[in-house]
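One-letter residues, chain by chain:
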Amino acid sequence: MRTFNLIFVALMPALALTFCATANEARAQTAGTVDYTVKQGDTCFAIARAKYGDAKYIDLIHQANPGMGPSPHALKEGTVLKLPPKPVGNVGPDAKLDFVRNQVSVEAPSPKPAHKDDPLFRGNRVSTKEASAADVRFAADNAQLRLGEHTLVVILGDAKGAARVGETTLVSGSLRARLGELDGTKKNEQTIATPGAKVKLGVGEAQVHVDAKQTSRLAVYKGNGASISAQNKTVAVPENFGSKAEKGKAPTPPRPLPGAAQWLTPPPGLVFGRTAGADFFGDFGPASTGPAIATWHVQLSKDPDFQDVIVDARLGTATHRLEARAVPAGDYYARVSGIDDDLFEGPFSAVGITHVVPFEVVTRGRDVVLPAAPGVLCSVDGGAMAQRAAPLALDGSRAHRVRCASAGSPGQGADLDTSIVATANEPPRRLSPPALRGVTPPKEPVLITAELATGLRLTSNNVGELGFAFGGGLGLRIPLRSGYLGFGVRLGREEYLERSVNPRQLGGQETKFTHGALVIDGPITYHFGKSRQFGPYLGFSPSALFQNGTFALPAGSSKDSFAFLLGLTGLVGAEVKLGPGDLFGELAYRGVTVRQFDFASVGMRGSFLNFGYRFILR
């Protein structure tokens, strides 16, 4: 005990000096801290750049203002933040790894396995192996690069400032860049170097890819201001277009990217899982427009950012189904993109979300026990759907039909028409991993249309005539690969203004003549594309016209005239979605021949302008 006291007494001065130094440092830090009132439009990154001269000091703001949550923050105008003084010397890395999946390594300078939140500095190389991915976040501008499998990037930069996306070289593989979104700024404009080109990226999202032949490809999914440069030539690439630069060659002109894949049968919004897991599937197909698909890129993930990916596959076009077998309870997210024959990848489809809810009917002795599940409605043997507060025991000597559904709308309001059917003593099912397989996509339905229309008529006979028309019709549209083939029948009435004529049948007497016609058309049309927002079309229509006219004679009498006419009409039109149907407009020209029934007739060839509303019945 005496020895311990002697040691303690001897160390007291050193401990006192250390404590005093730490306290002085804390006081100095606190003394230099200032209050900053948030203005409208402020972000943490903008404040760090303005107050410290570099956005990588953002962590100082976070440390001094705990409780702000993950970045980016939605700062409220008028909030007071504590801003500590800028430290002397370097602080923090130039970038960090936001996410790491499977085999990712960092060379700094020798290779080592990478982990989430690992710091990255100039000269570091980040590489991914097969079925691996990583996200790199840059401190200077908060830009994010998402590295795909078999990808190598090098973080470079000027020693006078922090590294940025524009000081990064993509050696091989692919990356997706998101600029100007996370920190709220619209000013980001970066350049990524590749072995044979330089790619400039604007605000938005784009993919840069370098293949085995060192060909550089740029695909722009969102935003403008992107371009690719090689061999002293720069090509601007707009949204939904792509360009490539082969090594030693200038970039190609922009070409359209494949359209976003579509879910023909979306994954169900809700599935009830048992001990052995739940099954669900989704069928997908190509967009109605854009280049043909040569390869599918299919992903199934356990998070909406598609970092925890459990299926990441590139498949031939014979495959049209994502099929998940016996997956445990949880949320699952699926998406698909198309890749054309020149390796340009289009945007991903809308994300399909499936919520797998744990729920099981179990056997206990002679009874079948239906458990209580909050938010789940069940019916037994055809009874009313009801939510049960306690387990319900059923007679286990016979099978029971149990149907369940969700009582609310979890997730993003998915259609919850999904149910399960369970019976007593159901044999267990073997677990199997999610799978992808080829299926015949469900056929698109034939559309039925009904329309009402009116229009103007300008005939070009011996004398031009002006008239109007009204009528309606029914039709069918048969889906094709890139549009619809339409067949229909229209019944209408045309009326023309009174005019003077001098028919030879009446002895050369000038008289007044009014006429009209009952018209039956059979239009055959081709509708380009399958967008419900806007659709052009063209076609032709055989026509039968039953014309009737009246000649007003000088003595106050009149003479009627009838004729039968056959015609052929060419037309071009466009329709715009409005409510449950489409508003359409048409330009047409009709030529006719006359099969006369009575002593006089007037030809009805001419130009037409039609407007109408077309109901789309599915």
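Treat the numbers as computed from the prediction; the structure is a model and nothing was measured.

Basis of the calculations
- Residues numbered from 1 in each chain as written.
- Predicted model: local features only at pLDDT ≥ 70, side-chain atom pairs only at ≥ 80, totals over all residues.
- Heavy atoms only, no water.
- Helix = DSSP H or I, 4+ residues; strand = E, 2+ residues; numbered from the N terminus.
- Contact = heavy atoms within 4.5 Å.
- pLDDT = per-residue confidence, 0-100.
- Core = buried A, V, L, I, M, F, W, Y, C linked by side-chain atoms within 4.5 Å.
- Buried < 20%, exposed > 50% of the residue type's maximum accessible area, 1.4 Å probe, protein only.
- Pairing = 2+ DSSP bridges.
- Phe/Tyr/Trp six-rings, centres within 6.5 Å; stacked < 30°, edge-to-face > 60°.
- Lys NZ or Arg CZ within 6 Å of the ring centre and 35° of its normal.
- Salt bridge = Lys/Arg side-chain N within 4 Å of Asp/Glu carboxyl O.
- Patch = residues over 30% accessible without salt bridge, like charges linked within 9 Å, V, L, I, M, F, W, Y side chains within 5 Å.
- Areas by Shrake-Rupley, 256 points an atom, 1.4 Å probe, with all protein chains shown as cover.
- Arc of directions from axis to C-beta.

A. Focus on the overall build of the chain. Scanning the chain from N- to C-terminus turns up three helices and 45 strands. Counting contacts in the chain only where the partners sit at least 6 residues apart, residues at least 24 apart contribute 58% of the total.

B. Region of the structure containing the confidence of the model for the chain. With 72% of its residues at a pLDDT of 70 or more, the chain has an overall mean of 76. Across the chain, the secondary-structure element scoring lowest on mean pLDDT is strand E34 (residues 420-422), at 39, and the one scoring highest is strand E41 (residues 524-528), at 94. Counted against residues more than four places away or in other chains, residues 158-163, with its pLDDT under 50, gives 16 contacts. For residues 181-186, every residue scores under 50 in pLDDT, and the model assigns this stretch 17 contacts once sequence neighbours within four places are set aside.

C. Seen up close, the nonpolar core. Formed by 33 residues in total, the largest nonpolar core has its most connected members in Leu97, Leu120, Val126, Leu175, Leu218 and Ile228. One finds Ala278, Trp296, Val311 and Val327 within the second-largest nonpolar core, a separate group that totals 18 residues.

D. Highlighting the environment of Gly338. As for its position among the elements, Gly338 is in strand E26 (residues 330-339). Residue classification places Gly338 among the buried residues on the basis of a relative accessible area of 0%. Considering only alpha carbons, one finds Gly338 and Ala260, 78 residues apart in sequence, at a separation of 7.1 Å. Here Gly338 is in contact with Pro258, Ile293, Thr295, Trp296, Phe344, Glu345 and Gly346, once residues within four sequence places are set aside.

E. Structural view of the pairing of E26. Of all ten residues that make up E26, eight are buried, and the element is covered over most of its length. The pairing of strand E23 (residues 295-301) with E26 spans seven bridges and is antiparallel. Counted as the bridge partner of Thr295 is Ile339 from E26.

F. Spatial organisation of unusual backbone geometry. Of note in this structure, Gln231 is not a glycine but carries a positive phi near 50°. Mapping Gln231 onto the fold places it in the loop between strand E16 (226-230) and strand E17 (233-237). According to the relative accessible area criterion, Gln231 is exposed, its value standing at 52%.

G. Representation of the packing of aromatic side chains. All chains considered together, the criterion is met by seven aromatic pairs. Here the aromatic rings of Phe468 and Phe470 are separated by 6.4 Å at their centres, their planes lie at 25°, and the arrangement is stacked. Classification of Phe468 as partly exposed rests on a relative accessible area of 40%. Under the relative-accessibility criterion, Phe470 is labelled partly exposed at 43%. Through pairs of rings, three or more aromatic residues link up here, namely Trp263, Phe284 and Trp296. The residue whose ring lies beneath Arg217 is Phe344, and the NZ or CZ to ring-centre distance is 5.8 Å. The cationic tip of Arg457 hangs over the ring face of Phe608; the distance from NZ or CZ to the ring centre is 4.4 Å.

H. Main features of the pattern of salt bridges. Scanning all chains against the criterion turns up 26 salt bridges. For Asp342, the salt bridge goes to Arg217, with nearest N and O atoms at 3.4 Å. Here the residue Asp342 occupies a position in the loop between E26 and strand E27 (352-358), and Arg217 occupies one in strand E15 (residues 216-222), the gap between them amounting to 125 residues. Glu495 serves as the salt-bridge partner of Arg493, at 2.7 Å between the closest nitrogen and oxygen. Overlapping salt bridges bring together Asp211, Arg217, Lys244, Glu246, Lys249, Arg255, Asp340 and Asp342 as one network.

I. Geometry of a nonpolar patch on the surface. Residues Val446, Ile448, Leu452, Leu476, Ile478, Leu480, Phe487, Phe615 and Leu617 make up a contiguous nonpolar surface patch of roughly 750 Å² in combined accessible area. At the level of elements, strand E36 (447-460), strand E37 (464-479) and strand E45 (606-617) are the ones that each hand at least two residues to the nonpolar patch. Note on placement: Phe615 falls in strand E45.

J. Examining helix H2 (residues 44-52) more closely. Taken together, the buried positions of H2 are occupied by Cys44, Phe45, Ile47, Ala48 and Tyr52. Projected down its long axis, H2 carries its buried residues within an arc of 160°, all on one side. Of the residues trailing H2, Gly53 is marked for its positive phi of about 85°.

K. Expanded view of the pairing of strand E8 (residues 133-138). With six of six residues buried, E8 is to be regarded as a mostly interior element. With four bridges connecting them, E8 and strand E9 (residues 144-147) associate as antiparallel partners. What sits directly across from Asp135, in E9, is Arg146.

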